[in-house]
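Here are the chains, one letter per residue:
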Amino acid sequence: MKYNVTVLWKRASSEIFTDNKYSRLHTCLFDGGTELKMSASPQVVPLPMSDESAADPEEIFVASISSCHMLFFLSIAARNKFTIEKYEDKAEGLVSKNEEGKLSVTSVTLKPVITFSGDQPTHEQIASFHEMSHEQCYIANSVKTVINVIQE
C-alpha cells in the first residue's frame, strides 16, 4: 500500500519571507481529489501569519488517530453483527515534552460516543472492540504517542 499527498505553499509577492512574517497557509492535495486548507496552529504561530480557520498538522494528527480507530471499530462491530447508527469522537491531543525533552503530541484521548440500534453489545464487548481497534490501527501502530480511549 502506498499513499500520496501533495503539500503546496507559495510565498505572496508582498511577503519578505526572511523576516519570518510570512503566511503559513498552505494546501494539502489528496490523491482522491480532496483539497484541504491548512496552516500552522495559532497556538504555535501568531495570527495573522497563521490561519485559525484552517486545519493544522496537530489537529490532522489527532484526526488521523481518531478516524483510523473509528474505521476499525465500525468494521469489528459489523463483523460481530452489531449495527452502529452514529459514532462521534471529540478526540483531544496534548502537546508536551516527551522523554527526550522535545515537544511532541505525547497523548491522544479518544472519547467516542457510539449509538447502536437493535442488539446492544455489553460494556465488555465494546471495550474489547476498542482494544482490537487500537491493535489493528495502522496509525496507532506507527506512533509513540500514548492513545487512551474513554468509554461513556
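Our structure is the block above this text.
Note that the structure is predicted; figures quoted are calculated from it, not measured.

Q: Help me out: how do you make sense of the overall build of the protein chain in this one?
A: Check the secondary structure of the protein chain and you find 2 helices and 8 strands. Traced from its N-terminal end to its C-terminal end, the protein chain shows the element sequence β-β-β-α-β-β-β-β-α-β. Here the protein chain has a C-alpha radius of gyration of 19 Å; the compact-globule value for 152 residues is 15 Å, and the former is much larger. By principal-axis analysis of the C-alpha atoms, the protein chain measures approximately 60 × 40 × 30 Å. One finds the centroid of the 14 positive side-chain charges in the protein chain at a distance of 8 Å from the centroid of its 20 negative side-chain charges.

Q: Help me out: how do you make sense of the side chain of T109 in this one?
A: Structurally, the position occupied by T109 is in strand 6 (residues 103-110). Dropping the residues within four chain positions of it, T109 is found in contact with K90, A91, E92, N148 and I150.

Q: Would you mind showing me how to read the packing of aromatic side chains here?
A: What characterises a pair of aromatic rings is the spacing of the ring centres plus the angle enclosed by the ring planes. Applying the stated criterion across every chain yields a total of 8 aromatic pairs. Ring geometry for W9 and Y22: centres 5.7 Å apart, planes at 70°, overall edge-to-face. Separated by 13 residues along the polypeptide, W9 in the loop between strand 1 (5-8) and strand 2 (26-30) and Y22 in the loop between strand 1 and strand 2 bring together distant segments of the chain. Residue classification places Y22 among the buried positions, given a relative accessible area of 17%. Here F73 and F129 contribute two aromatic rings whose centre-to-centre distance is 5.8 Å and whose plane-to-plane angle is 70°, an arrangement assigned as edge-to-face.

Criteria and cut-off values
Residues numbered from 1 in each chain as written. Predicted model: local features only at pLDDT ≥ 70, side-chain atom pairs only at ≥ 80, totals over all residues. Heavy atoms only, no water. Helix = DSSP H or I, 4+ residues; strand = E, 2+ residues; numbered from the N terminus. Rg over C-alpha atoms; globule rule 2.2 N^0.38 Å. Lys, Arg positive; Asp, Glu negative; His and termini not counted. Charge placed at Lys NZ, Arg CZ, Asp CG, Glu CD. Contact = heavy atoms within 4.5 Å. Phe/Tyr/Trp six-rings, centres within 6.5 Å; stacked < 30°, edge-to-face > 60°. Buried < 20%, exposed > 50% of the residue type's maximum accessible area, 1.4 Å probe, protein only.

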